[in-house]
Amino acid sequence: MNAVEKERYLREYYILKGQGKPFFPYAVLKDSVMACIVLLVIIVMSIVLGAELGPKADPTTTSYTPRPEWYFFFLFELLRVIKPPAIVFIATIGVPTICMVLLILLPFIDRNPERHPLRRPVATLAGITTICAMAFLTIEGAIAGAPGQLSSISVPTQYKKGAAVFAASGCQGCHRIGDDGNAGPGPNLTHIAATVPKPAIARTLVNPTAPMPSFARLQQQNPKQFNELVDFLGSLK
Ligand code: HEC
């Protein structure tokens, strides 16, 4: 801002200040009334509608698919698409933090007195790009399959049902197939059938070594699903 612009700004500011009303009590009163109305609406809604309580947390569940609230979908999606562990930290914590710090520093960096968006091409473009990027990531995150689904390998049609059983049984909490699931504590199952024959896979499911839980109950209660699961694993050569 040069001297002439500063002079003009101060003059405008002085005139506007003369026309306006003081912050106290006018704006304070308005804000207080609105705050009371909002509070009242919340109180009335909690009395009339009540607060919903979800089902009780079940620490033994194996089929729970964790998903964030919608406003964290963009971070969720970032975490989902960024695979190399070395850059996960910088991409999901580093970059958003740098953006936040830049946003806080913006008034100090950008001293441009212009207010019209078209006269501030860099700021306008940066803002639009950020909004678009976050909107895109939010939508991608919202339509992404649950983390339990197998999306990194193509499963032949006849094994799709078995893959669905695998995805729904919590196996990926401990095993990895392709790029899906955790790297441990269980071994990678991407090519399990190359080393372990199908009957041995079935035996492992029924009678595993700890910490792997037994899936004998699945075999008893739903032998069809159990066999589909074993067929699917038996196809991973
Ligand atoms: C709590 C973690 C955990 C869960 C959940 C789990 N596993 Fe395992 N799994 C393991 C571990 C650990 C081993 C290795 C055990 C061993 O070496 O004897 C293993 C071994 C296996 C093996 C044998 C691998 C080999 O190379 O011999 C197969 C097959 C297998 N799991 C399939 C499954 C399937 C299918 C599911 C889901 C229905 C599942 N696991 C769920 C932890 C788990």
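Reading the values: the criteria
- Residues numbered from 1 in each chain as written.
- Predicted model: local features only at pLDDT ≥ 70, side-chain atom pairs only at ≥ 80, totals over all residues.
- Heavy atoms only, no water.
- Helix = DSSP H or I, 4+ residues; strand = E, 2+ residues; numbered from the N terminus.
- Rg over C-alpha atoms; globule rule 2.2 N^0.38 Å.
- Buried < 20%, exposed > 50% of the residue type's maximum accessible area, 1.4 Å probe, protein only.
- Contact = heavy atoms within 4.5 Å.
- Areas by Shrake-Rupley, 256 points an atom, 1.4 Å probe, with all protein chains shown as cover.
- Lys, Arg positive; Asp, Glu negative; His and termini not counted.
- Charge placed at Lys NZ, Arg CZ, Asp CG, Glu CD.
- Domains from an automatic or database assignment.
- Donors = N, O, S within 2.8 Å, 3.2 Å for Na, K, Ca; no water.
- Tetrahedral: all angles 85-135°; square planar, octahedral: opposite > 155°, others 65-115°.
- Near = heavy atom within 4 Å.
- Polar contact = N/O pair within 3.5 Å; in protein donor to acceptor, adjacent residues only side chain to side chain.
- Nonpolar A, V, L, I, M, F, W, Y, C, P; charged D, E, K, R; others polar.
- Phe/Tyr/Trp six-rings, centres within 6.5 Å; stacked < 30°, edge-to-face > 60°.

*Asks:* Run through the overall build of the chain, naming residues and quoting values.
*Replies:* Each helix and strand in the chain was counted, giving ten helices and two strands. Ordered by position in the sequence, the α and β elements of the chain form the string α-α-α-α-α-α-β-β-α-α-α-α. The globule rule puts the C-alpha radius of gyration for 237 residues at 18 Å, and the 28 Å found for the chain is more than 25% above it. Taken along the three principal axes of its C-alpha coordinates, the chain extends 85 × 50 × 30 Å. For the chain, the proportion of its 237 residues judged to be buried stands at 20%. Taking the contacts inside the chain whose residues are at least 6 apart along the sequence as the reference set, 58% of them involve residues at least 24 apart. When the accessible surface of the chain is summed, it comes to about 18100 Å², and 67% of that surface belongs to carbon and sulfur atoms. In the chain, 22 side chains carry a positive charge and 15 a negative one; their mean positions are 2 Å apart.

*Asks:* I'd like a rundown of the domain arrangement of the chain, residues and numbers included.
*Replies:* Once the domains are mapped, the chain shows domain 1 (3-48), domain 2 (70-143) and domain 3 (157-234). For domain 2 and domain 3, the distance between their C-alpha centroids amounts to 40 Å.

*Asks:* So, the coordination of the iron atom of the ligand: which residues are in play, and what are the values?
*Replies:* Looking at the iron atom of the ligand, the protein donor atoms are His175 (NE2) and Met212 (SD), and they sit 1.9 to 2.1 Å from it. In this structure, the iron atom of the ligand is surrounded by six donor atoms whose angles at the metal cover 87 to 178 degrees, and the resulting shape is octahedral. Separated by 37 residues along the polypeptide, histidine 175 in the loop between α6 (160-168) and β1 (176-177) and methionine 212 in the loop between α8 (198-206) and α9 (216-221) bring together distant segments of the chain.

*Asks:* Please give an account of the site of the ligand that cites residues and values.
*Replies:* Close to the ligand lie 22 residues, the nearest being Cys171, Cys174, His175, Thr209 and Met212. Separating an oxygen atom of the ligand from a side-chain N or O atom of threonine 209 is a distance of 2.8 Å. Of the residues that constitute the shell around the ligand, the class distribution is 16 nonpolar, six polar and no charged.

*Asks:* Can you break down the packing of aromatic side chains residue by residue, with the values?
*Replies:* For the structure on display, the rule yields five aromatic pairs. Centroid distance tyrosine 9 to tyrosine 13: 6.1 Å. Interplanar angle 20 degrees. Geometry classified as stacked. With tyrosine 9 and tyrosine 13 both in helix α1 (residues 3-19) and four residues apart, the pair spans about one turn of that helix. Note on tyrosine 9: relative accessible area 45%, which makes it partly exposed. The class of tyrosine 13 is partly exposed, set by a relative accessible area of 44%. Site record: aromatic cluster; members linked through ring pairs are Trp70, Tyr71 and Phe72.

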